[in-house]
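# Reading the structure
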Amino acid sequence: MAEHAERVPAIPPIGVITEVQGPVVVIRCSPLPPLGRALYCRLAGSRCVLEVHQHLDCDRVRAIALQDTAGLSRGLRVYDQGGPLKVPVGKACLGRVLNLFGDPLDGQPPMVAEQWRALHGEPSLLASGGQGGQMLESGIKVIDLLCPFVRGGKTGLFGGAGVGKTVLVMEFMRAIAQIHRGVSVFAGVGERIREAHELWHELEDSGMRNRALMLFGQMDESPGVRFRVALTGITYAEYLRDELATEVLFVVDNVFRFVQAGSEISSLLGRMPATVGYQPTLSSEVAELEERIFSTPKGAITSVQAVYVPADDMSDPAVSTILSHLDSSVILSRQQASRGIYPAVDPLLSSSRMLDRHLLGDRHYRVAEGVREHLARYKELEDIISMLGIEELSPSDRRIVLRARRIQKYLTQPLWVTAPHTGIAGQSVALVDTIRDCDALLCGRYDEWDESRCYMRGALEEAS
Ligand SMILES: Nc1ncnc2c1ncn2[C@@H]1O[C@H](COP(=O)(O)OP(=O)(O)O)[C@@H](O)[C@H]1O
Ligand SMILES: [Mg+2]
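Residues numbered from 1 in each chain as written. Chains lettered and ligands numbered in written order. Predicted model: local features only at pLDDT ≥ 70, side-chain atom pairs only at ≥ 80, totals over all residues. Heavy atoms only, no water.

Another point: a nonpolar patch on the surface. Together, Ile384, Met387 and Leu388 give the surface a local cluster of nonpolar side chains, amounting to about 320 Å² of exposed area. Structurally, Ile384 is set in helix α11 (residues 362-388). Residue class for Ile384 comes out partly exposed when judged on its relative accessible area of 32%. (Patch = residues over 30% accessible without salt bridge, like charges linked within 9 Å, V, L, I, M, F, W, Y side chains within 5 Å. Areas by Shrake-Rupley, 256 points an atom, 1.4 Å probe, with all protein chains shown as cover. Salt bridge = Lys/Arg side-chain N within 4 Å of Asp/Glu carboxyl O. Helix = DSSP H or I, 4+ residues; strand = E, 2+ residues; numbered from the N terminus. Buried < 20%, exposed > 50% of the residue type's maximum accessible area, 1.4 Å probe, protein only.)

Structural data, given as C-alpha cells:
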C-alpha cells in the first residue's frame, strides 16, 4: 500500500494540520479551499478524507474528518482532491451494501465504477421540483387512503422509538419492487448497527436484494459520516433514475440522526447552540439536505424519510423543521400501537398535499373525508362511551361509532416484512379496493359483521 501511495504523481500539498480535536481538524493552507471541498491526508498508504466546513482566517480552515481519525496529527500534510467528495457509481451497485464513499461493507470486492459523481449535485432550479400531482400507491390501505404519497415528492414517517418506522420503510421498499418494478436506495443514518444487519437479511429473505442498494453511516461512525451519508444515497438514487429510467424510492432512516450529527459538528466547531440545544444552523442544514433530495429535474425520485420524534413531541424544533419540507406526513402513534393497530398510523394527524378533490378525484376524496369524519367523531365520543356506555349515545352517534370501529379495524394490515414474526402472510391492497371497502363500510354494508372480521386482513371482498 505504501509503495502504491508513493507512485501517486507528486502533487504538492496545499497545507498542514495545525490542530486535531476529535474529528475536527484545523489546517493552515493557501490558497484557501472553498467550503465543501474534499481534502485528504495520507496515512500509512490509506487516505483520510476531510471536508472543509469553516474558513477561520486568511490562511486557516476547519475541516471534518470523514473517517476514523486515528493517526491524524499536527504537521501532517494535506492534499486537495480538486472538488467535492465523489462516489463511484455503476449498475452493479444494486444488491450491495456500501458506506459513505461507496466502499463495500458487505465483504464483496469494490464496485466497478462506470462514473464518479459528486455528492453535492448541481443546485436545482425551483421549477424543477414538485412533479405535479400524481400519487404513488403503496398497497398500504391507511396510507393510500388518508395520506397518499406524491410521486416524486417527499413523505415523512414520524414517531418515537419502536412504533414501526423502519418496518414501514421496508414495506415501501418491497412495494416499489413488487408493485412498481422499481428500485430503492436505503440510507441508514445514525441508527443501531445491529439493525443494519437485520435489514440486510430481511431484504435478502424477501428476494428484494437485487432491487435495492443499502448505504450505512451508523451510530458508531463519526459525525461527519452520519452528516453526509444521506447525500451519498441521493447521489446513487439519481444515478439509478438516469440509467434505469424506473421508479426510484430513496429512503433515509433516520433524518433526526442527521440533525444530531449536525449538532455534534456544530459544537465541535465552537458554535453556540440556539433553540433548545440545537445548532443555530438547524434550518439551513435541513434545507440543504431536503433541497438536494428535491433536485430531480430529469424524473421522479420519491423519498421516504423516517423521523425519530424525541419524547413523542411533534413540536420539537428539529421535527417541525423537517416537517415543513414534506408533501405528506405519516404520523405513527404509540396509542395506536398499544391498541394493536398496526401500521400505527394516526389517521387524524397524518396528512398529504394530495388530499385534494382535484388531485384524487371525487370518490377517493369523499371516502377519505367520510372516514376521517367518522374516526374524528368516534374519538370525541370515546370518553363519554367509557363513562356512560355506548347505549347512552343518540342513535346517529351510535351508528357512527359502530362504523368507525369497523373502519379502524379495517385500516390495520398484515405486512410482508413482519410476516416471519407474526406468522400472518402480508397483504397488499390496491387503492380501488380500499376505496370500495371503505365506501361500503361507511354506507353500512358491513354493519352486521363482527368487528374482528375486519381486523388484520387485506380487502373485504374475497371473504364475503
Ligand atoms: N406493522 C407492524 N405489524 C406488526 N408489528 C409491528 C409493526 N410495526 C412495528 N411492529 C413491531 O414494533 C417493533 C419496532 O418497529 P420498528 O419499525 O423497528 O420501530 P422504529 O423504527 O419506529 O423504532 C417491530 O420489531 C415489531 O415487533
Ligand atoms: Mg427504526
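Further notes follow.
Right, let's get into empty space enclosed by the protein. The tally for this structure, following the rule as stated, stands at four cavities of 30 Å³ or more. By volume, the largest cavity amounts to about 60 Å³. The wall of the largest cavity is formed by Val142, Gln336, Ile341, Pro343, Val345, Pro347, Leu375, Gln408 and Leu411. Looking at the lining of the largest cavity, its residues break down into seven nonpolar, two polar and no charged. The residues that make up the lining of the largest cavity include at least three from each of domain 2 (85-350) and domain 3 (360-452). (1 Å grid on protein atoms, 1.4 Å probe; cavity = no way out; pocket = protein on both sides within 12 Å on 5 of 7 lines; lining within 4 Å. Points joined across faces, edges and corners; volume = space filled by probe spheres on them. Nonpolar A, V, L, I, M, F, W, Y, C, P; charged D, E, K, R; others polar. Domains from an automatic or database assignment.)

So, about the layout of surface pockets. The computed volume of the largest pocket comes to approximately 730 Å³. As for the largest pocket, its lining consists of 36 residues, and the residues nearest its centre are Gly162, Gly164, Lys165, Thr166 and Val167. Going through the elements one at a time, α3 (165-178), α4 (193-205) and α13 (419-422) are the ones with two or more residues in the lining of the largest pocket. Counting contributing residues per domain, the lining of the largest pocket is built from domain 2 (85-350) and domain 3 (360-452), each supplying no fewer than three. Approximately 430 Å³ is the volume found for the second largest pocket. When contributions to the lining of the second largest pocket are tallied by element, the ones reaching two or more residues are β4 (46-57) and β7 (86-89). Residues belonging to the lining of the second largest pocket are distributed by class as follows: nine nonpolar, five polar and three charged. Both of domain 1 (13-83) and domain 2 (85-350) provide at least three residues apiece to the lining of the second largest pocket.

This part is about the nonpolar core. Grouped together as the largest cluster of nonpolar side chains are 65 residues, with contacts concentrated most on Ile143, Leu145, Phe172, Met173, Met214, Val371 and Leu411. Leu145 has contacts with Leu355, His364, Val367, Ala368, Val371, Leu411, Leu431, Thr434, Ile435 and Cys438, leaving out every residue within four places of it along the chain. Formed by 55 residues, the second largest nonpolar core is a distinct cluster that contains Val49, Val185, Val248 and Val309. (Core = buried A, V, L, I, M, F, W, Y, C linked by side-chain atoms within 4.5 Å. Contact = heavy atoms within 4.5 Å.)

So, about the sheet that holds strand β13 (residues 183-189). Spatial ordering of the open sheet is given by β8-β14-β13-β15-β16-β12-β17-β18, a layout of eight strands whose pairing is mixed. With one partner strand each, in any of the chains shown, β8 (97-98) and β18 (351-352) form the two edges of the open sheet. Note: β13 against strand β14 (residues 212-217), six bridges, orientation parallel. Residue pairing across strands places Ser184 opposite Ala212, the latter belonging to β14. Packed onto the sheet, α4 meets β8, β13 and β14 and runs at close to 175° relative to β14. Along the sheet face, helix α5 (residues 223-244) touches β8, β13, β14, β15 (248-253) and β16 (301-308) and points at about 175° away from the line of β13. (Pairing = 2+ DSSP bridges. Axes fitted to C-alpha atoms, helices over the stretch in contact; angles between N-to-C directions.)

Turning next to the UniProt feature "binding site: ATP" (unreviewed entry) in the chain. Under the UniProt annotation, "binding site: ATP" (unreviewed entry) lies at Gly159, Gly160, Ala161, Gly162, Val163, Gly164, Lys165 and Thr166. If you take the residues mentioned a moment ago, the ones lining the largest pocket come down to Gly160, Ala161, Gly162, Val163, Gly164, Lys165 and Thr166. Relative to the helices and strands, Ala161 resides in the loop between β12 (154-159) and α3. Taking the relative accessible area as the measure of exposure, Ala161 reaches 48% and is therefore partly exposed. Contacts of Ala161, omitting those with residues within four sequence positions, involve Tyr308 and Arg334. By the secondary structure assignment, Lys165 is in helix α3. Each residue touching Lys165, except ones within four places of it in the same chain, is listed here: Leu157, Phe158, Gly159, Gly160, Asn254, Ala306, Val307, Tyr308 and Leu332. (UniProt positions renumbered as here; feature names shortened; annotations may be inferred.)

Bringing the packing of aromatic side chains into the picture now. With the rule as written, the count across this model stands at six aromatic pairs. Here the aromatic rings of Phe149 and Phe172 are separated by 4.7 Å at their centres, their planes lie at 70°, and the arrangement is edge-to-face. Residue Phe149 is located in strand β11 (residues 149-150), and its partner Phe172 is located in helix α3; the two are separated by 23 residues in the primary sequence. There is no split in this pair, since Phe149 and Phe172 are both buried. Across from the ring centre of Trp416, 4.2 Å away, lies the NZ or CZ of Arg174, which sits over that ring. (Phe/Tyr/Trp six-rings, centres within 6.5 Å; stacked < 30°, edge-to-face > 60°. Lys NZ or Arg CZ within 6 Å of the ring centre and 35° of its normal.)

Taken in spatial order, the six strands of this closed barrel run β1-β2-β5-β4-β3-β6, and their pairing is antiparallel. If you compare each strand with its neighbour and ignore which way they point, the axes differ by 45° on average.

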